[in-house]
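Below are the chains, spelled out letter by letter.
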Amino acid sequence: MTQEFKDRVRFHDDLQAMEVNFYGFHFPDSRSVNAAYDCIEDCIAQSGHKHWFFLVNLHGLQVDQSAWPAYAKRGKALNLAHSMGTVRFDASEETAARISAAAQTENFDPNLFNNREDAIERIRKLPSRRSEGAENTPNHSADALSDRISFDPSTGIMEADLSHLTLYHGRDANDLYDQIRDKIAQSGQDKWYFLINYEDCKIEPGAWVQFAHRGKTLNKAHSLGTVRFAPGSETEDEIRQRATSQEFRPNIRNTREEALERIAEMKASEHA
């Protein structure tokens, strides 16, 4: 899926546009949706720019009913994180109707066109935000985020307390992961078990893309195993959805005690 879908993503520097070609593509389930959007997120991360206009070819796209919620959710998160304006073309009647209905409910312009030429002409009329240069205003101080991160050398556990924390956008996610990265570097130990408290943690759609990207990178570099506990329903659902496409165990537990038991199991299996 990854290479197949990567070939469908192109960047047009003259337009400041990312083109995604869904031509004849079929999403049978949420797993396939998440894998495709994981790929798009990775392509943007490697592009050298955070913001692009999105040019989307919907010709022959099939999204099964069971896959549509994931398709809509991941698309919304991607748009909020990286789109300066999204223009779609050549959608089927069913897909166009679904997008139009979502646009009315969530108050956005569906920008649906019959052909690619008209879609590109629309993009040329949209204002670029790249020249603004400024990130979103941070909602949390470095000290406040740093205080949420602790280490226990006796158990090898790094604990991140995200309880009652709201991340509103990518800047908030980056600020959080910058603090975790820096404190790991200062700890004198490169690898830790990660224990994450998600009690009443809220991650807004505009923060999810960067939150997931930075989390995946941090886990690959520094985690011996990650266990999460007390997530809210929306956060838990998002973690589980992304786990299916990225092939990692979400390791979600209800309580801190259960999460610690899971870490103990991980340690035992390493020495078995």
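Report on the accompanying structure. Keep in mind that this is a model prediction, so the values were computed, not measured.

## Examining the nonpolar core
Logical step 1: With 29 residues, the main nonpolar core has F5, M18, F22, F27, I40, L61 and Y71 as its most contacted residues.
Logical step 2: Those elements giving two or more residues to this core turn out to be strand 2 (17-21), helix 2 (30-45), strand 4 (52-57) and helix 3 (68-82).
Logical step 3: In terms of residue count, helix 2 provides more of this core than any other element does, seven residues in total.
Logical step 4: In this structure, F27 is in contact with F5, F22, S32, V33, A36, L61, Q62, V63, D64, A67 and Y71, ignoring residues within four places of it in sequence.
Logical step 5: Counting residues in hydrophobic clusters, the runner-up holds 24 residues, among them Y177, F194, I239 and I252.

## Brief notes about the environment of A142
Logical step 1: Inspection of the secondary structure assignment puts A142 in helix 6 (residues 142-146).
Logical step 2: Its relative accessible area of 42% is what places A142 among the partly exposed residues.

## Quick look at the pattern of salt bridges
Two side chains with opposite charge may pair up if their charged atoms get near one another.
Logical step 1: All chains considered together, the criterion is met by 15 salt bridges.
Logical step 2: Ionic pairing is found between E159 and R256, a salt bridge with its closest N-O pair at 2.9 Å. In this pair, E159 sits in strand 9 (residues 157-161) while R256 sits in helix 10 (residues 256-271), placing the two residues 97 residues apart along the sequence.
Logical step 3: Judged by its relative accessible area of 15%, E159 is buried.

## Re the packing of helix 3 against helix 8 (residues 205-222)
Logical step 1: For the pair helix 3 and helix 8, the least separation of the axes is 7 Å and the interaxial angle reads 85 degrees. In terms of axis orientation, helix 3 runs roughly perpendicular to helix 8. Where helix 3 abuts helix 8, its residues K76, A77, L78, L80, A81 and H82 lie against P205, G206 and V209.
Logical step 2: When the residues that make up the contact of helix 3 with helix 8 are grouped by side-chain class, the tally is six nonpolar, two polar and one charged.

Parameters at a glance
Residues numbered from 1 in each chain as written. Predicted model: local features only at pLDDT ≥ 70, side-chain atom pairs only at ≥ 80, totals over all residues. Heavy atoms only, no water. Core = buried A, V, L, I, M, F, W, Y, C linked by side-chain atoms within 4.5 Å. Buried < 20%, exposed > 50% of the residue type's maximum accessible area, 1.4 Å probe, protein only. Helix = DSSP H or I, 4+ residues; strand = E, 2+ residues; numbered from the N terminus. Contact = heavy atoms within 4.5 Å. Salt bridge = Lys/Arg side-chain N within 4 Å of Asp/Glu carboxyl O. Axes fitted to C-alpha atoms, helices over the stretch in contact; angles between N-to-C directions. Parallel < 35°, antiparallel > 145°, perpendicular 65-115°, else oblique. Nonpolar A, V, L, I, M, F, W, Y, C, P; charged D, E, K, R; others polar.

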